Amino acid sequence: MKNLIKKMLFGEYEPKQYLTFSIKENEVKERAFIHIDGQQIDISKTHFTLCQNPYMIGVWLPKNIKEESNPSVEIQLANEPMLRSKCSLNEVIEFETGNLWLLELVKTQYYFINYFHQKAVVGFFYWKQKHKVSFEELDHFCAMYSYPRSVILTCFGTPNDYNLFPMDLRGGIEEAGLYFLGLRNTNVTLKKMLKAQKVVVCGIAANQKKHILALGAHHSTQPPSLEKLPFNCIASEKFGFPVPAIVSDYRELIIQQYLDKGSHTIMICKVVNKVVFKEDFASLHHQHIVTALKLDSTYTQI
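What counts, and where the lines are drawn
- Residues numbered from 1 in each chain as written.
- Predicted model: local features only at pLDDT ≥ 70, side-chain atom pairs only at ≥ 80, totals over all residues.
- Heavy atoms only, no water.
- Helix = DSSP H or I, 4+ residues; strand = E, 2+ residues; numbered from the N terminus.
- Rg over C-alpha atoms; globule rule 2.2 N^0.38 Å.
- Buried < 20%, exposed > 50% of the residue type's maximum accessible area, 1.4 Å probe, protein only.
- Contact = heavy atoms within 4.5 Å.
- Pairing = 2+ DSSP bridges.
- Patch = residues over 30% accessible without salt bridge, like charges linked within 9 Å, V, L, I, M, F, W, Y side chains within 5 Å.
- Areas by Shrake-Rupley, 256 points an atom, 1.4 Å probe, with all protein chains shown as cover.
- Salt bridge = Lys/Arg side-chain N within 4 Å of Asp/Glu carboxyl O.
- Lys, Arg positive; Asp, Glu negative; His and termini not counted.
- Charge placed at Lys NZ, Arg CZ, Asp CG, Glu CD.
- Phe/Tyr/Trp six-rings, centres within 6.5 Å; stacked < 30°, edge-to-face > 60°.
- Lys NZ or Arg CZ within 6 Å of the ring centre and 35° of its normal.
- Core = buried A, V, L, I, M, F, W, Y, C linked by side-chain atoms within 4.5 Å.
- Expected span 1.5 Å × (residues − 1).
- Polar contact = N/O pair within 3.5 Å; in protein donor to acceptor, adjacent residues only side chain to side chain.

Colleague: Before we go on, may I ask you to explain the overall build of the protein in this structure?
Modeller: From N to C terminus, the protein includes six helices and 20 strands. Against the globule reference of 19 Å for 302 residues, the protein gives a C-alpha radius of gyration of 19 Å, in line with a compact fold. In terms of overall dimensions, the protein has C-alpha extents of about 50 × 50 × 35 Å along its principal axes. Relative to its full complement of 302 residues, the protein shows a buried share of 55%. Considering only intrachain contacts with a sequence separation of at least 6, the fraction spanning at least 24 residues in the protein is 70%.

Here it is in structure tokens:
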């Protein structure tokens, strides 16, 4: 019976909540738009997931956009709508060159998968995870991860007291020199990062997937000594933080402000240094399985 249910829900796909793909940033086919006061604004490169509970996205918008309490976010593929999420405005953080809108997801309408199939897939993972994450949170992840989300490495500390772990609740505005991170409040390094007001984020190629996934355990546990890692580390230029030699680039950030929004703390950071070893590389991206089920993703799965 279990195998029949899996077959009905997932077809030939292994029942994993997220598929992993190797994608260059300019190869992402999906587009994201925000609808405000009759306007449709492209936010494909300026929106990011930042908090899980409440489920929250950040959207960078020009300063002349008038605040609206209930905007909606639409994701499209090939100029056709995939879904549309109703949102509520949580907070607007103002900067010199633009504003960061923090939006809470309320409800999503899907256009590429029927209501019952989508809810059944979410329900499967809710059951599989033994209710550790609420159905509502899993439902919101399903919506926002219909858009591929790239994975970075986060680095902090000294060789004797460090941590390295992957993140995909993040995003940056290059021209403003800003970077935003959403880190779970249970992360073992969060308090140290906020006290030091420094962190390093690294771009890393998708062919390092094995190392990326292995570092995921460091969100909740202390890592082994640097000597026991399966790769060498270098010291970042300004902070001296350990940075894996396998990364393609890194940015050193000053944490200017942080907001406890529930399950996660959102850090607003200023980029003070950027080092590039390799440009135009394909990074690891997460995308929810419902997208592949119905739209037959053409990305390279790894």
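Colleague: Explain the sheet that holds strand β9 (residues 149-150) to me, please; I cannot follow it from the model alone.
Modeller: Two orientations exist for strands paired in a sheet by backbone hydrogen bonds: parallel and antiparallel. With antiparallel pairing, four strands are arranged side by side in an open sheet as β9-β19-β1-β20. Where the open sheet ends on each side, the last strands, each with one partner, are β9 and β20 (300-301). The pairing of β9 with strand β19 (residues 283-288) spans two bridges and is antiparallel. Looking across to β19, one finds that R149 is bridged to H286.

Colleague: Explain a positive patch on the surface to me, please; I cannot follow it from the model alone.
Modeller: On the surface, a cluster of positive charge is contributed by K2, K6, K128, K130 and K132. When you line up the elements, K2 lands in helix α1 (residues 2-10).

Colleague: What's the story with the pairing of strand β1 (residues 18-23) in this structure? I'm lost.
Modeller: Moving residue by residue along a regular strand, the side chains alternate between the two faces of the sheet. Relative to β19, β1 is paired through six bridges, and the arrangement is antiparallel. Within β19, the residue paired with I23 across the bridge is S283.

Colleague: Where do I start with the packing of aromatic side chains in this structure?
Modeller: A ring pair, where both rings are aromatic, is described by two values, the distance of the centres and the angle of the planes. Enumeration according to the criterion identifies 19 aromatic pairs in this entry. Between the aromatic rings of F156 and F241, the centroid separation amounts to 5.2 Å while the plane-to-plane angle is 70°, which identifies the pairing as edge-to-face. Of this pair, F156 sits in strand β10 (residues 152-158) while F241 is found in the loop between β15 (233-235) and β16 (242-244), placing the two residues 85 residues apart along the sequence. Both residues of the pair, F156 and F241, count as buried. In this structure an aromatic cluster arises from ring pairing among F10, F124, F125 and W127. The ring of Y145 carries R149 above its face, with NZ or CZ at 6.0 Å from the centroid.

Colleague: For this particular structure, what's the right way to read the nonpolar core?
Modeller: Burial of nonpolar side chains together is a common tendency in soluble globular proteins. Ranked by size, the top nonpolar core spans 46 residues in total, and within it I34, L61 and M144 carry the most contacts. Here this core takes five residues from helix α3 (residues 135-144), the largest share from any one element. Apart from residues lying up to four places away in sequence, M144 is in contact with T49, Y55, I57, I75, L83, S85, L105 and R149. One finds F156, Y179, V200 and M267 within the second-largest nonpolar core, a separate group that totals 37 residues.

Colleague: In this structure, what is going on with helix α2 (residues 115-128)? I would like to understand it.
Modeller: In an α-helix, one full turn covers 3.6 residues, which means residues spaced three or four apart are oriented alike. Taking 1.5 Å per residue as the helical rise, α2 with its 14 residues ought to reach 20 Å, and the 20 Å between its terminal C-alpha atoms agrees with that figure. Every buried residue of α2 is accounted for by H117, Q118, K119, V121, V122, F124 and F125. On its buried side, α2 packs onto α1, β8 (99-110), α3, β19 and α6 (289-295). Backbone nitrogen of F116 and a side-chain oxygen of the N-cap are separated by 3.0 Å at the start of α2; the cap is N114.

Colleague: Sorry if this is basic, but what is going on with the side chain of N273 here?
Modeller: Structurally, N273 is set in strand β18 (residues 264-276). A polar contact is formed between the side chain of N273 and the side chain of E252, at a distance of 2.7 Å. Apart from the residues lying within four places of it in its own chain, the contact partners of N273 are E237, K238, Y250, R251 and E252.

Colleague: Looking at this structure, how should I read the pattern of salt bridges?
Modeller: For the structure shown, the criterion picks out ten salt bridges. The residue E12 makes a salt bridge to K7 at a minimum N-O spacing of 2.3 Å. Look at E12 and you get exposed, because its relative accessible area is 71%. Here K274 ties to E174 by a salt bridge, and the two come within 3.1 Å at their closest N and O atoms. Residue K274 is found in strand β18, and its partner E174 is found in the loop between β12 (170-173) and β13 (178-184); the two are separated by 100 residues along the sequence. Judged by its relative accessible area of 52%, E174 is exposed. Three or more residues are tied together by salt bridges with common partners; here these are E174, D249, R251 and K274.

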